[in-house]
Protein chains: 2
Amino acid sequence: MAKDFVVGIDIGGQSVKLGVVDARGEVLAQSVIKASASDDAKVVVKEIADAVLSLVAQAGKKDEIRGIGVGAPNGNYYTGSIAFAPNLPWAAHGSVDFAKMLSAECGGIPVTLTNDANAAAVGEMAYGVAKGMKHFIMITLGTGVGSGIVIDGQVLYGSDGFAGELGHTCAVRHNGRPCGCGKTGCLEAYCSAIGVARTAREWLDMSDEPSVLRELQEISSKDVYQAAKEGDALAKRVFDFTGRILGEKLADFVEFSAPEAIVLFGGLARAREFIYEPTLKALNENVLPIWRDKVRLLFSQLKESDAAILGASALAW
Amino acid sequence: MAKDFVVGIDIGGQSVKLGVVDARGEVLAQSVIKASASDDAKVVVKEIADAVLSLVAQAGKKDEIRGIGVGAPNGNYYTGSIAFAPNLPWAAHGSVDFAKMLSAECGGIPVTLTNDANAAAVGEMAYGVAKGMKHFIMITLGTGVGSGIVIDGQVLYGSDGFAGELGHTCAVRHNGRPCGCGKTGCLEAYCSAIGVARTAREWLDMSDEPSVLRELQEISSKDVYQAAKEGDALAKRVFDFTGRILGEKLADFVEFSAPEAIVLFGGLARAREFIYEPTLKALNENVLPIWRDKVRLLFSQLKESDAAILGASALAW
């Protein structure tokens, strides 16, 4: 039987999303399972394999699956393993041979794995705004800041499979915020959803400036976005600041790989109306004249629920 | 007749170096001509072509030259042109179709051109400490700071041929030194030969600390090196500082492309005894734990006079 379909799996800290996808990027069937409570990798792999097999059966595509593509935090394309992923209890303290284990549980269907930001880049190149591009950088602005770097149409994996950790390049050299990785001043500590909330809280603490955010007990990046939409001056300045820090680092990245475009993706990219201008301004102010006003700053157009599945699935072709 | 030889040409602001090279990287004959005083590209190309043809004749390899490889500041691999190179009067104010012009003057021998740092990376990969490596970053510490990035055994050129301008990524974000490129705080403004001399002069101005450098009218990076060798405390601290700034930025670069090694090359790399330790320390302190103590910091072993010719020649195979 022709194997004309693939499965895309996006493994996150909260949930696992699965989809059966055809060659045009149509998601024929999809499902979501809650992230496993188990810290036993074997148990988790079995749960995910069961979800795959039942989704494939539901789509009526048994024996027609060419491969399974997986995007996961700290996923390594070369080894097929997930290692030291803080948000996955079953892969937090060591290395899990995920691709091999999942393939075994799914009757030998080949499994390809990469990290979630690389999967997003592949999806964007196959089905999104980066279609046809050979050189671009995907920046995922979610809970953290991830990146997928595409060079000559290929994801950059580097010597060990871990290339593209742009969220942990240094944005603030001196007196920078502690980052989850153990360093200080990382881009992720400023330009992630958590970073935006931290900036807002710091600024509220440092002045008496009125802001609707003062009424809230806990502040999330969504609250800051909502406040900015309501015209809150402090909230808007938080996005100006976030965009400036992001644009400054994007200039460094452009000087590295000379991409045609930078594609922003993820929760924070939805605040496009507030973050686009300051990011682009800082990028152009900080980049060498040869690239000024030349590198495009794009926002992913893929539906977020589909994008992760599509990106992972594109790996499997 | 078998074409078993190539010509390597290194174009610099002061001189043009040429060599006839065999497949093992043996330089059979070489010559140096002074940089032309002319600002007419046609005149300069003719001068260089004459030097090529006479060197080839001298080596007895007429009709045996497979190709010519050229390394030049602001050389573009994709277009074969040299554009807006501040140190080359004949190519400072526009774009010169150098590869095509030189080929025409040399009886149609194919000419391949790239920037000088990329040529150095190719030479290091073919004949130097990066032999056999698929992923490394070459940093040239000369009058300026250049870079050649190798990914999967290929030089990274990016979407436009200008990738790898790491000397102009930002080392000091606020209140940084003006750089020749028009920006401020660039790595090149601190970690080039000129940067080292600037640091020494600034520090001498800012304190009364005794230093043998105070006796000099003009200070060059060589003077600082000499002073450090004589045990001058201020001069040694200049290298500590230079190494720290360099290492901090190298950490960013590692997070981009996950190389096996970083190779330092050029005049300043000769101060290895003073620059190695602080650079490596800052690299390891600033990089993500997965790369700590894993990325090798190497120094080119090629003779500087040969390296530029070899690098350029390796392009021509």
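One can find the structure itself at the top, above this paragraph.
Remember, it's a predicted structure, so these values are computed and weren't measured experimentally.

Digging into the relation of the copies chain B and chain A
Put simply, the two copies of the chain differ by a rotation about an axis and a shift along that axis. By a simple turn and slide, chain B fits onto chain A: the slide is 0.0 Å along the axis, the RMSD is 0.0 Å, and the turn is 180°. With respect to symmetry, the two chain copies, as superposed, fit the operation of a two-fold axis.

So, the sheet that holds strand β3 (residues 27–34) of chain B
Residue and element names in this part refer to chain B. One open sheet holds the five strands; their spatial order is β3-β2-β1-β4-β7, and the pairing between them is mixed. Of all strands in the sheet, those bounded by a partner on one side alone are β3 and β7 (111–114). Within the sheet, the average angular offset between the axes of one strand and its neighbour, ignoring direction, is 15°. Inspection of the sheet shows strand β2 (residues 15–22) paired to β3 by seven bridges, in the antiparallel sense. Bridged to Val21 within β3 is Val27. The strands that helix α2 (residues 98–105) touches are β1 (5–11), β4 (65–71) and β7; relative to β7, the one it contacts most, it runs at about 150°.

Here's the deal with the pattern of salt bridges
The final tally for this structure, using the stated rule, is 20 salt bridges over all chains. Here Asp22 of chain B and Arg24 of chain B are joined by a salt bridge, their closest N and O atoms 3.4 Å apart. Under the relative-accessibility criterion, Arg24 of chain B is labelled exposed at 65%. Put simply, Glu202 of chain B and Arg177 of chain B hold a salt bridge, and the shortest N to O gap is 2.9 Å. Placement of the pair is Glu202 of chain B in helix α5 (residues 193–206) and Arg177 of chain B in the loop between β10 (154–155) and α4 (188–191), with a sequence separation of 25 residues. It is possible to trace a salt-bridge network through shared partners that takes in Lys249 and Asp252 of chain A together with Lys249 and Asp252 of chain B.

Points about the sheet that holds strand β3 (residues 27–34) of chain A
All names here are of chain A. One open sheet accounts for five strands, arranged β3-β2-β1-β4-β7; its pairing is mixed. Each of the sheet's edge strands pairs with one partner strand only, and the pair in question is β3 and β7 (111–114). Taken over all neighbouring pairs, the strand axes of this sheet differ in orientation by 15° on average, direction set aside. Strands β1 (5–11), β2 (15–22), β3 and β4 (65–71) of the sheet are contacted by helix α1 (residues 41–58), whose axis makes an angle of about 35° with β2.

Comments concerning the packing of helix α5 (residues 193–206) of chain A against helix α7 (residues 233–257) of chain A
Residues and elements named next belong to chain A. Contact geometry of α5 with α7 gives a least axis separation of 10 Å together with a crossing angle of 125°. The angle between α5 and α7 falls in the class oblique. Where α5 crosses over α7, the two elements pack in a sense that is right-handed. Contacts from Val196, Thr199, Ala200, Trp203 and Leu204 of α5 reach α7 at Leu234, Arg237, Val238, Phe239, Phe241 and Thr242. Partitioning the contact of α5 with α7 into residue classes produces eight nonpolar, two polar and one charged.

Some points on the interface of chain B and chain A
Taken residue by residue, the interface counts 40 residues in chain B and 40 residues in chain A. Counting each side, the surface lost to burial between chain B and chain A is near 3000 Å², with a carbon and sulfur contribution of 60%. Looking only at chain B, the three residues that lose the most surface to chain A are Arg173, Lys183 and Phe256 of chain B, adding up to 24% of its buried area. At the boundary of chain B with chain A, the tally comes to six salt bridges. With a closest N to O distance of 2.8 Å, Lys183 of chain A and Glu255 of chain B form a salt bridge. Where chain B packs against chain A, one counts 23 residue pairs in polar contact (both at pLDDT 80 or more). Only β9 (145–151) and α7 (233–257) of chain B provide two or more residues apiece to the side of chain B that touches chain A. When residues in the side of chain B that touches chain A are grouped by element, the largest group, eight residues, is from α7 of chain B.

Quick word on the environment of Ala120 of chain A
Residue and element names in this part refer to chain A. Within the fold, Ala120 resides in helix α3 (residues 116–127). Taking the C-alpha atoms as reference, Ala120 lies 7.5 Å from Met138; in sequence the two are 18 residues apart. The residues contacting Ala120, other than those within four sequence positions of it, are Met138, Thr140 and Phe265.

Topic: helix α1 (residues 41–58) of chain B
Residue and element names in this part refer to chain B. Its 18 residues place the ends of α1 26 Å apart at the C-alpha level, agreeing with the 26 Å of an ideal helix rising 1.5 Å per residue. Every buried residue of α1 is listed here: Ala41, Val44, Val45, Ile48, Ala49, Ala51, Val52, Leu55 and Val56. Take α1 and look down its axis: the buried residues cluster within an arc of 160°, on one side only. Relative to its buried face, α1 has exposed residues pointing more than 90 degrees away, namely Lys42 and Gln58. For α1, the elements touching its buried residues are β1, β2, β3, β4, β6 (95–96) and α2. Residue Asp40 occupies the N-cap position of α1, its side-chain oxygen lying 2.9 Å from the main-chain nitrogen of Lys42.

What counts, and where the lines are drawn
Residues numbered from 1 in each chain as written. Chains lettered and ligands numbered in written order. Predicted model: local features only at pLDDT ≥ 70, side-chain atom pairs only at ≥ 80, totals over all residues. Heavy atoms only, no water. Least-squares fit on C-alpha atoms with pLDDT ≥ 70 in both. Pairing = 2+ DSSP bridges. Helix = DSSP H or I, 4+ residues; strand = E, 2+ residues; numbered from the N terminus. Axes fitted to C-alpha atoms, helices over the stretch in contact; angles between N-to-C directions. Contact = heavy atoms within 4.5 Å. Salt bridge = Lys/Arg side-chain N within 4 Å of Asp/Glu carboxyl O. Buried < 20%, exposed > 50% of the residue type's maximum accessible area, 1.4 Å probe, protein only. Parallel < 35°, antiparallel > 145°, perpendicular 65-115°, else oblique. Left-handed = near helix turned anticlockwise from the far one by under 90°. Nonpolar A, V, L, I, M, F, W, Y, C, P; charged D, E, K, R; others polar. Buried area = accessible area lost by both parts, 1.4 Å probe. Polar contact = N/O pair within 3.5 Å; in protein donor to acceptor, adjacent residues only side chain to side chain. Expected span 1.5 Å × (residues − 1). Arc of directions from axis to C-beta.

Note that all results are geometric; they support no functional claim without further evidence.
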